[in-house]
Amino acid sequence: MSTPTAQYELDRDFDAPREDVYKAWTNPERFARWFGPRAYATPADRVHLDVRPGGRWEATLVSGDGFEATLQGAYREVRAPERLVFTTGDPDNPGDGPASVVTIEFAATGTGTHMRFHQYGVNTTQEHAEGARAGWTEFFDRLAEEVA
């Protein structure tokens, strides 16, 4: 039996230094200000980022009516300020749920930053991946506001 897989890339330019964009991914207070869709809050005290290879990350998103969704995974590679690789869920042992590996590369572009985001998912379909892409696009709009 084969496991469905899907992947995509997003490229985004930010008008902020690479170190600042990287810190927005690795500092819990800053991460909480942009991570998630606009309809949800991500309380800083519900964000845990152990940014080192093998370290775990977790963020809980809370809707206005109290619904909560917790996302989590582990860091596989950390090279400040140029690269992060982390999982969502456990792609090596996903069970029945979707899981993925995210690779982010941060390149300095004069006074700005070019970010390349790649997500490879298992136990997922291309349709699910397109939904994830749309979600991350909204997250990155918020990230642009955070680093502006």
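Residues numbered from 1 in each chain as written. Predicted model: local features only at pLDDT ≥ 70, side-chain atom pairs only at ≥ 80, totals over all residues. Heavy atoms only, no water.

Asker: How should helix α3 (residues 126-147) be read in this particular structure?
Answerer: Because an α-helix completes one turn every 3.6 residues, residues spaced three or four positions apart along the sequence face the same direction. If you check α3, its first and last C-alpha atoms are 31 Å apart, about what 22 residues at 1.5 Å a residue would give, namely 32 Å. For α3, every residue scored as buried is listed here: A129, W136, F139, F140, R142, L143, E146 and V147. One face of α3 carries all of its buried residues, which in axial projection span an arc of 160°. Across α3 from its buried face, at more than 90 degrees, point the exposed residues E127 and E145. (Helix = DSSP H or I, 4+ residues; strand = E, 2+ residues; numbered from the N terminus. Expected span 1.5 Å × (residues − 1). Buried < 20%, exposed > 50% of the residue type's maximum accessible area, 1.4 Å probe, protein only. Arc of directions from axis to C-beta.)

Asker: How do you make sense of the packing of aromatic side chains when you look at a structure like this?
Answerer: What describes a pair of aromatic rings is the distance from one ring centre to the other and the angle between the planes of the rings. With the rule as written, the count across this model stands at 19 aromatic pairs. Measuring from ring centre to ring centre gives 5.7 Å for Y22 and F106, while their planes differ by 80°; the resulting arrangement is edge-to-face. Residue Y22 is located in helix α1 (residues 18-26), and its partner F106 is located in strand β7 (residues 99-109); the two are separated by 84 residues in the primary sequence. The exposure classification of Y22 matches that of F106, with both residues buried. Ring geometry for W136 versus F140: centroids 5.5 Å apart, planes at 35°, classification tilted. One end of the pair is W136 and the other is F140, both in helix α3 and four residues apart, which spans about a single turn. Per residue, the accessibility class of W136 equals that of F140, and both read buried. Taken together, the ring pairs connect Y8, W25, F31, W34, F35, W57, Y75, F86, F117, W136, F139 and F140 into an aromatic cluster. (Phe/Tyr/Trp six-rings, centres within 6.5 Å; stacked < 30°, edge-to-face > 60°.)

Asker: Help me understand the side chain of R18 in this model?
Answerer: Among the structural elements, R18 can be located in helix α1. Buried within the structure, R18 lacks any salt-bridge partner; E82 is the closest side chain of opposite charge, at an N-O distance of 4.3 Å. At 3.3 Å, the side chain of R18 forms a polar contact with the backbone oxygen of F106. Those residues in contact with R18 that sit more than four places away from it in its chain are P81, E82, F106, A107, A108, G112 and T113. (Lys, Arg positive; Asp, Glu negative; His and termini not counted. Salt bridge = Lys/Arg side-chain N within 4 Å of Asp/Glu carboxyl O. Polar contact = N/O pair within 3.5 Å; in protein donor to acceptor, adjacent residues only side chain to side chain. Contact = heavy atoms within 4.5 Å.)

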